[in-house]
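Here's the letter readout for the chains.
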Amino acid sequence: QCCKHCTSATIRRNVTFMDSSETYWTDRALLEWQVELGATDAILDAPVNRYDLETPTPAPKKTAPEGKTAAPAPVAVVEVDAVGAARTAAATANDLEALSAAMQAFEHCELKRGARSFVFCDGNSAARVMIIGEAPGREEDRAGRPFVGRAGQLLDRMFDAIAMGRKHEDAAQSLYITNVLPWRPPSNRTPDAPEIAMMLPFLERHIALAEPDVVILMGNTPCQALLGRTGITRMRGNWTEVLGKPCLPMFHPAYLLRNPIAKREAWADLLSLKAHLSG
């Protein structure tokens, strides 16, 4: 029986070997088939869904090294109400000198960064006539006074024709001159609406402190600031009112230099001003 038992065990081992060898060759054939199809690497035992989104892992909080203070968290930037700040600053000025100081200390107008000079006024502050222009040009920025370039020279000749000027000591014949903006815009560009709105409280306070009998608006920008509209070719020569004072829109002298034919209308406006002051 011993031999019989050994014979049975041997048969079982041979069968097992034959099964395992057949499995090996079958697996190898399948593997070679996959290689022929283009498979190059065995990655995982189970399939992976590449369309699943990975859950982001939160970044660890950084802690400051021992002995050092952690950097403060960024502070949210709060927008400043520039018009409100200008209105508050202008209201505190009780005279022209204080108004000039308040305007020079005003930090919310970016034009201040690129201008050479602060241009406040020229002429006699007690004058009956207050002229308001647009903004300083290159020559005004250099001199620190309004209307000193070619346009300013023409302005002086225009008012000299009706016996008025900025150098007259007599308030009845003198002029007081300023601009909507005290700083020169880059490349002498036209001031935009936010810049005009920002400096308007200072301009209104300037008129209130100077107390002129008549306000002359030279060009579109002063009309936009104080009358809320533009179109100087239609508005010029038509008397209106600004802050309770008689107001006359006129062509800017720079416009007259480019369009000499318009000097006839400018002369008519000067005569209208002279008649108003005389009457």
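Residues numbered from 1 in each chain as written. Predicted model: local features only at pLDDT ≥ 70, side-chain atom pairs only at ≥ 80, totals over all residues. Heavy atoms only, no water.

## Some details on empty space enclosed by the protein
Inclusion rule: Cavity: a set of points on a 1 Å grid over the protein atoms alone where a 1.4 Å probe fits but cannot get out. Pocket: an open set with protein on both sides within 12 Å along at least five of seven lines, its lining residues, like those of a cavity, having an atom within 4 Å of a point. Grid points are joined across faces, edges and corners, and a volume is the space filled by probe spheres set on the points. Per the convention used, a helix needs a DSSP run of H or I reaching at least four residues, while a strand needs a run of E reaching at least two, with both numbered from the N terminus. All amino acids are sorted into three groups, where Ala, Val, Leu, Ile, Met, Phe, Trp, Tyr, Cys and Pro are nonpolar, Asp, Glu, Lys and Arg are charged, and the leftover types, Gly among them, are polar.
According to the stated counting rule, one finds one cavity of 30 Å³ or more in the structure shown. Every residue lining the largest cavity is listed: M103, V119, F120, T178, N179, V180, L181, P182, F202, L203 and H206. For the lining of the largest cavity, the elements supplying multiple residues, two or more each, are β3 (175–179) and α7 (193–210). Ranked by residue count, the leading element in the lining of the largest cavity is α7, at three residues. Class assignment for the residues of the lining of the largest cavity results in eight nonpolar, three polar and no charged.

## Re the sheet that holds β3
As a reminder of what qualifies: Strands qualify as paired when DSSP identifies two bridges or more between them. Whether two residues are in contact is decided by their heavy atoms, any of which lying within 4.5 Å being enough. Interaxial angle, 0 to 180 degrees, is taken between N-to-C directions of lines fitted to C-alpha atoms, where a helix line uses only the stretch in contact.
Taken in spatial order, the six strands line up as β1-β3-β2-β4-β6-β5 in an open sheet, and their pairing is mixed. Two strands in the sheet have a free side with no partner beyond their single neighbour: β1 (122–123) and β5 (240–242). Bridge analysis of strand β2 (residues 129–133) against β3 gives five bridges, and the strand direction is parallel. Bridge pairing in β3 places I132 opposite T178. Strand contacts of helix α8 (residues 220–227): β2, β4 (214–218), β5 and β6 (245–250), with the helix running at about 125 degrees to β4, the strand carrying the most contacts.

## Some words on the layout of surface pockets
Over the atoms a probe the size of a water molecule is rolled, and this reveals where empty space is left. Each pocket or cavity is described by its volume, and for the largest pocket that value is around 760 Å³. The set of elements that each furnish at least two residues to the lining of the largest pocket consists of α5 (138–143), α6 (150–160), α8 and α10 (253–258). Classifying every residue of the lining of the largest pocket by side-chain character gives eleven nonpolar, eleven polar and seven charged. The volume enclosed by the second largest pocket comes to roughly 160 Å³. Lining the second largest pocket we find D122, R145, F147, V148, D156, D160, M164, G165, R166, K167 and H168.

## Remarks on the confidence of the model for the protein chain
Test applied: Per-residue confidence from the predictor is reported as pLDDT, a score between 0 and 100.
Put simply, the protein chain has an average pLDDT of 87, and 79% of its residues get 70 or more. Within the model, pLDDT remains below 50 along residues 1–7, and this stretch shows zero contacts once partners closer than five positions in the same chain are excluded. Low pLDDT, under 50, characterises residues 14–18; the predicted model gives this stretch zero contacts beyond four residues in sequence or across chains.

## Digging into the packing of aromatic side chains
This is how the line gets drawn: Note on ring pairs: Phe, Tyr and Trp rings are taken, using the six-membered ring of Trp, and paired if centres are within 6.5 Å. Classes follow the plane angle, with under 30 degrees stacked, over 60 edge-to-face and the rest tilted. A simple rule labels every residue: compare its accessible area, found with a 1.4 Å probe on the protein chains alone, to the largest value its type can have, and call it buried under 20%, exposed over 50%, or partly exposed in between.
Tallying each qualifying case throughout the model produces four aromatic pairs. Taking 6.0 Å as the distance between ring centres and 20 degrees as the angle between the ring planes, the aromatic pair formed by F118 and F120 counts as stacked. Accessibility assignment for this pair places F118 and F120 in one class, buried. Aromatic side chains F118 and W183 sit 5.8 Å apart centroid to centroid with 55 degrees between the ring planes, which places their arrangement in the tilted category. Here the residue F118 occupies a position in the loop between α4 (111–114) and β1, and W183 occupies one in the loop between β3 and α7, the gap between them amounting to 65 residues.

## Focus: the packing of α7 against α8
Where we set the bar: Angles below 35 degrees are treated as roughly parallel, those above 145 as roughly antiparallel, those between 65 and 115 as roughly perpendicular, and all remaining angles as oblique.
Axis separation between α7 and α8 bottoms out at 9 Å; the angle between their running directions is 75 degrees. It follows from the interaxial angle that α7 and α8 lie roughly perpendicular. The segment α7 lies against α8, with A193, I196, L200, L203, E204 and I207 engaging T221, Q224, A225 and L226.

## Describing the packing of helix α3 (residues 96–105) against α7
The description of two packed helices rests on the angle between their axes and on the distance between the axes. Two elements in contact, α3 and α7, have axes whose closest approach is 10 Å; the angle formed by their N-to-C orientations is 170 degrees. Here α3 lies roughly antiparallel to α7, going by the angle between them. Note on element contacts: α7 touches α3 through M199, F202, R205, H206, L209 and A210, opposite L96, L99, A102 and M103. Residue classes in the contact of α3 with α7 are distributed as eight nonpolar, one polar and one charged.

## Description of the state of the cysteines
This is how it is decided: When two cysteine sulfur atoms are found within 2.5 Å, that pair is recorded as a disulfide.
Summed over the entire model, instances satisfying the criterion amount to zero disulfides. For the unlinked cysteine C247, the closest cysteine sulfur is that of C223, found at 6.6 Å. The class of C247 is buried, set by a relative accessible area of 0%.

## Quick word on the pairing of β2
Within β2, five of the five residues are buried, leaving the element largely enclosed by the surrounding structure. Strand direction decides the pairing type here: β2 and β4, joined by four bridges, are parallel. Counterpart to I132 in the pairing with β4 is L217.

## With respect to the pattern of salt bridges
Filter applied, for reference: One speaks of a salt bridge when a side-chain nitrogen belonging to Lys or Arg is within 4 Å of a carboxyl oxygen belonging to Asp or Glu.
All told, the structure shown has twelve salt bridges when counted by the stated rule. Note that R142 and E139 form a salt bridge whose closest N and O atoms lie 3.9 Å from each other. Here R142 pairs with E139, and both are found in helix α5, just three residues apart, close to one helical turn. A salt bridge links R189 to E195, with the nearest nitrogen and oxygen atoms 2.6 Å apart. Connected through salt bridges with shared partners, the residues E107, E110, K112 and R113 form a single ionic network.

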